Amino acid sequence: MNRKLIAILMACFLPAFLWAARVDTLSISSPAMKRSVRVVVIVPDQAAQTSWPTLYLLHGHGGNERSWLHIKPDLPEKADRVGMIIVCPDGRNSWYWDSPLRPSSRYETFISRELPAAIDSLYPTLARREARAITGYSMGGHGAMWNGIRHSDVFSAVGSISGGLDIRPFPKNWNMSDELGEQATHRENWETHTSINLVPFLERGRIAIAIDCGENDFFLRVNQDFHVALLQRGIDHDFTTRPGAHNEAYWNNAIDYQLLFFQKHFERYAAER
């Protein structure tokens, strides 16, 4: 192989070697819960940029801070390509609420207040709402929608993948009663802690929304209901269904579309500055 060909090949492939996102695992203090929470942070490595928008990426029931790396092993490479810091906290089985029954379970406060403040202090973020988004799968889809809508002063875009966007049809599932109490005796908690009931309070144009659910997913109906509720309110949003079920293969595929959605969202704000 001659030297000229070697030089051409090096020029083609060198950027791929240079782009090597860093994956950190941290323990972030939560004063609200009086303990620390494990968090994975993926940081792009592109020399052309010194600060980044941030995507908060939530796992589902039974998962932890490393679930998204298991589902999407090339997530660090994706972070490089789309140009954003990705933050994956351990939410246990909390559904990302501040539990009305358990003072030690205050994941909404952690996700929407304590964690962004900590990440902004530790990493080269663009520390403003226009450069923050939040999404997740299953329980994390509900948690992202819950936190994104309720804290639009912190996040400017929100997504859900296979999200349990209305919890009320599932009163015996996924430890929700641990946080809210049994539905039969704590009905008000279930009414006030389901994401679909936040739709009437949404301000048009306040937050960008992307919803994605498989056509064979047991959460499909509640996602369709959420979509209809948004349409009735005149709230612009992306709503996608495609073949697939409630599983890792679907989430691995769907996150690519949501990363593109958030990338374009961040680029629009950057262009408007």
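Residues numbered from 1 in each chain as written. Predicted model: local features only at pLDDT ≥ 70, side-chain atom pairs only at ≥ 80, totals over all residues. Heavy atoms only, no water.

A. Highlighting the overall build of the protein chain. A count of helical and extended segments in the protein chain gives 9 helices and 8 strands. Against the globule reference of 19 Å for 273 residues, the protein chain gives a C-alpha radius of gyration of 19 Å, in line with a compact fold. Counting only C-alpha atoms and orienting by the principal axes, one finds that the protein chain spans roughly 75 × 40 × 35 Å. By the burial criterion, 55% of the 273 residues in the protein chain qualify as buried. (Helix = DSSP H or I, 4+ residues; strand = E, 2+ residues; numbered from the N terminus. Rg over C-alpha atoms; globule rule 2.2 N^0.38 Å. Buried < 20%, exposed > 50% of the residue type's maximum accessible area, 1.4 Å probe, protein only.)

B. Focus on the sheet that holds strand E5 (residues 132-136). Strand order across the open sheet formed by 8 strands is E1-E2-E4-E3-E5-E6-E7-E8, with mixed pairing between neighbours. What marks the edges here is a single partner per strand, and that holds for strand E1 (22-30) and strand E8 (238-242). For this sheet, the mean angle separating the axes of adjacent strands, direction not counted, is 20 degrees. In terms of strand pairing, strand E3 (residues 54-58) meets strand E4 (residues 85-89) through 3 bridges, oriented parallel. Counterpart to Tyr-56 in the pairing with E4 is Val-87. Where helix H4 (residues 107-122) meets the sheet, its contacts fall on E1, strand E2 (35-43), E3, E4 and E5, and the angle it forms with E1 comes to roughly 125 degrees. Across the sheet, helix H5 (residues 139-150) is in contact with E3, E5, strand E6 (157-161) and strand E7 (208-214); its angle to E6 comes to roughly 160 degrees. (Pairing = 2+ DSSP bridges. Axes fitted to C-alpha atoms, helices over the stretch in contact; angles between N-to-C directions. Contact = heavy atoms within 4.5 Å.)

C. Spatial organisation of the packing of H4 against H5. The contact between H4 and H5 brings their axes to 10 Å, and the two run at 60 degrees. Taken together, H4 and H5 sit at an angle that is classed as oblique. Seen along the crossing, H4 lies across H5 with a hand that is right-handed. In this structure, H4 contributes Glu-108, Ile-111 and Ser-112 to the contact, and H5 contributes Trp-146, Asn-147 and Arg-150. Its residues placed into classes, the contact of H4 with H5 shows 2 nonpolar, 2 polar and 2 charged. (Parallel < 35°, antiparallel > 145°, perpendicular 65-115°, else oblique. Left-handed = near helix turned anticlockwise from the far one by under 90°. Nonpolar A, V, L, I, M, F, W, Y, C, P; charged D, E, K, R; others polar.)

D. Molecular detail of the side chain of Ser-94. On the secondary structure map, Ser-94 appears in the loop between E4 and H4. At 2.9 Å, the side chain of Ser-94 and the backbone nitrogen of Tyr-96 are in polar contact. Discounting residues that sit within four places of it in the chain, Ser-94 has contacts with Ser-105, Tyr-107, Met-139 and Glu-179. (Polar contact = N/O pair within 3.5 Å; in protein donor to acceptor, adjacent residues only side chain to side chain.)

E. Expanded view of the pairing of E5. Burial within E5 is extensive, with 5 of its 5 residues counted as buried. Burial along E5 is two-sided: Arg-132, Ile-134 and Gly-136 and Ala-133 and Thr-135, pointing in opposite directions, are all buried. The sheet contact formed by E3 and E5 spans 5 bridges and is parallel. Each residue of the ladder has a partner; that of Leu-58, found in E5, is Gly-136. Here E5 pairs with E6 via 2 bridges, running parallel. By the bridge assignment, Ala-133 is partnered in E6 with Ala-157.

F. The environment of Thr-240, seen in detail. Relative to the assigned elements, Thr-240 resides in strand E8. Judged by relative accessible area, which is 27%, Thr-240 ranks as partly exposed. For the pair formed by Thr-240 and Asn-223, sequence separation is 17 residues and the distance between their alpha carbons is 9.7 Å. If we ignore the near neighbours within four places in the chain, the residues touching Thr-240 are Ile-211, Asp-212 and Cys-213.

G. Structural detail: helix H8 (residues 220-233). With 14 residues, H8 extends 20 Å between its outermost C-alpha atoms, agreeing within 8% with the 20 Å of an ideal straight helix rising 1.5 Å per residue. All buried positions along H8 are accounted for by Leu-220, Val-222, Asn-223, Phe-226, Ala-229 and Leu-230. On its buried face, H8 sits against H5, E6, E7 and E8. Downstream of H8 by one or two residues, Gly-234 has phi in the positive range, about 70 degrees. (Expected span 1.5 Å × (residues − 1).)

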